Amino acid sequence: MYRFEEQTRDRLRELAPSSTVLVPVGSTEQHGPHLPVGTDTTIVTAIAQRAAAAADVPVVVTPTLPYGFAHHHLPFGGTVSLGLVGYLDVLTDIGRSLAVDGFRRIVFLNGHGGNDGAVRSVGDRIVFERELDVHVAGTSYWTCAADALADTDLGVGPVPGHAGGFETSCMLALRPELVRRELMPAPEPDLQPLAYSDIPGATIRRAGVWAASDGRTDDSRHASAETGERALALIAASVAAFLAGFHRSAQ
Ligand SMILES: [Zn+2]
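Residues numbered from 1 in each chain as written. Predicted model: local features only at pLDDT ≥ 70, side-chain atom pairs only at ≥ 80, totals over all residues. Heavy atoms only, no water.

Note the following rule: UniProt positions are given in the numbering used here, feature names are shortened, and annotations may be inferred rather than shown by experiment.
Going by an unreviewed UniProt entry, the protein carries the name Creatinine amidohydrolase and comes from Actinocatenispora sera. Under the UniProt heading Sequence similarities (unreviewed entry), the entry covering the protein gives this text: "Belongs to the creatininase superfamily." The UniProt entry for the protein carries the following comment under Cofactor (unreviewed entry): "Zn(2+)".

### A few points about the coordination of the zinc ion
Our working rule: Here a donor is an N, O or S atom found within 2.8 Å of the metal, or within 3.2 Å if the metal is Na, K or Ca; sites may look incomplete because water is not among the atoms. Donor angles set the geometry label: tetrahedral for four donors if every angle is between 85 and 135 degrees, square planar for four and octahedral for six if opposite donors exceed 155 degrees and the others are between 65 and 115, irregular for anything else.
H31 (NE2), D40 (OD), E167 (OE) and E167 (OE) make up the full set of protein donors to the zinc ion, lying at 1.8 to 2.6 Å. Considering all four donor atoms around the zinc ion, angles at the metal cover 54 to 135° and the coordination shape is irregular.

### Considering the packing of helix α3 (residues 84–100) against helix α4 (residues 116–129)
Packed helix pairs are characterised by how far apart their axes lie and by the angle those axes make with each other. Where we set the bar: Axis lines are fitted to C-alpha atoms, over the contacting stretch for helices. Their N-to-C directions set the angle, which ranges from 0 to 180 degrees. Each helix corresponds to a stretch of at least 4 residues labelled H or I by DSSP, and each strand to a stretch of at least 2 residues labelled E; elements are numbered beginning at the N terminus. Geometric relationships in this document are graded by angle, where less than 35 degrees denotes roughly parallel, more than 145 denotes roughly antiparallel, 65 to 115 denotes roughly perpendicular, and other angles denote oblique. A clockwise turn of the near helix away from the far one marks a right-handed crossing, whereas an anticlockwise turn of less than a right angle marks a left-handed crossing. Only heavy atoms enter the contact rule, under which two residues are in contact if any of them lie within 4.5 Å. Each residue gets one label: Ala, Val, Leu, Ile, Met, Phe, Trp, Tyr, Cys and Pro are nonpolar, Asp, Glu, Lys and Arg are charged, and the others, such as Gly, are polar.
Across the interface, α3 lies against α4 with an axial gap of 9 Å and an inter-helix angle of 50°. Viewed along their axes, α3 and α4 adopt a mutual orientation that is oblique. Regarding α3 and α4, the two cross each other, and that crossing is right-handed. Facing α3, whose interface residues are Y87, L88, D89, L91, T92 and G95, α4 presents A118, V119, S121, V122, R125 and I126. Grouping the amino acids of the contact of α3 with α4 by side-chain chemistry returns seven nonpolar, three polar and two charged.

### Section: the nonpolar core
Rules: Put simply, buried Ala, Val, Leu, Ile, Met, Phe, Trp, Tyr and Cys residues joined by side-chain atoms within 4.5 Å make one nonpolar core. When a residue's accessible area, from a 1.4 Å probe over protein chains only, is under 20% of the maximum for its type it is buried; when over 50% it is exposed; and in between it is partly exposed.
Ranked by internal contacts, the top residues of the largest apolar core, which has 37 residues, are L22 and Y141. Counting residues per element, the ones that place at least two in this core are α2 (39–54), β3 (59–61), β4 (105–110), α5 (141–144), α7 (165–174) and α9 (225–249). Considering every element that reaches this core, the biggest residue donor is α9, with eight residues. Discounting chain neighbours no more than four positions away, the residues touching Y141 are I43, V44, I47, L109, N110, G111, P160, F166 and I235. Listed in part, the 22 residues of the second largest apolar core include L15, L91, F103 and V122.

Structure follows, in structure tokens:
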């Protein structure tokens, strides 16, 4: 695993043709009363670095993009959001730059739900609209690890959810000093409205649902660093397998 920002331009030129370049994309947004606003960025960075280190193919990891599409979090404060089209432009320019740098295999790994649509679309932009001779994959870590997560009951509520048991567990594993345990919401008898999946088959947006959910999907009563570490290891292993498969498929 190579960190993009630690290499020289000449070293990157050497690495680019034979490597996969991994671009983690996060967000800066409210995460309830007890988690830091950089939670998604912290989690996706850790998953990307662990997966890149575990993959048996050469992977160069860029710095994580700390901003994404998070307009739905703006009313709660602590949020910086890019407009959807502007965000897709940013991802496209990152991909184009990496193609100019000589990389031919580009993976965007997302850690924030609001970015999912743009991350799925950026390959169309780079490969078809810009007609660049590269392979582009865009995925969110929970999509990449969907099979492994479906086979495992972590016992902390929906994955990834938002600012609930899963993300609190991951942050207790990664940056426990940033988790304000004394501000953790009191245990709740039921999931927040946001946690319920909607009618399948479409992406549905409903005004007011975030406000009704207090910006969270579930409480964190079962969160623990052990669960967070288990989840991160599981997800990183799935992403590592994906990176290896993608790398070998893209000649
Ligand atoms: Zn989050």
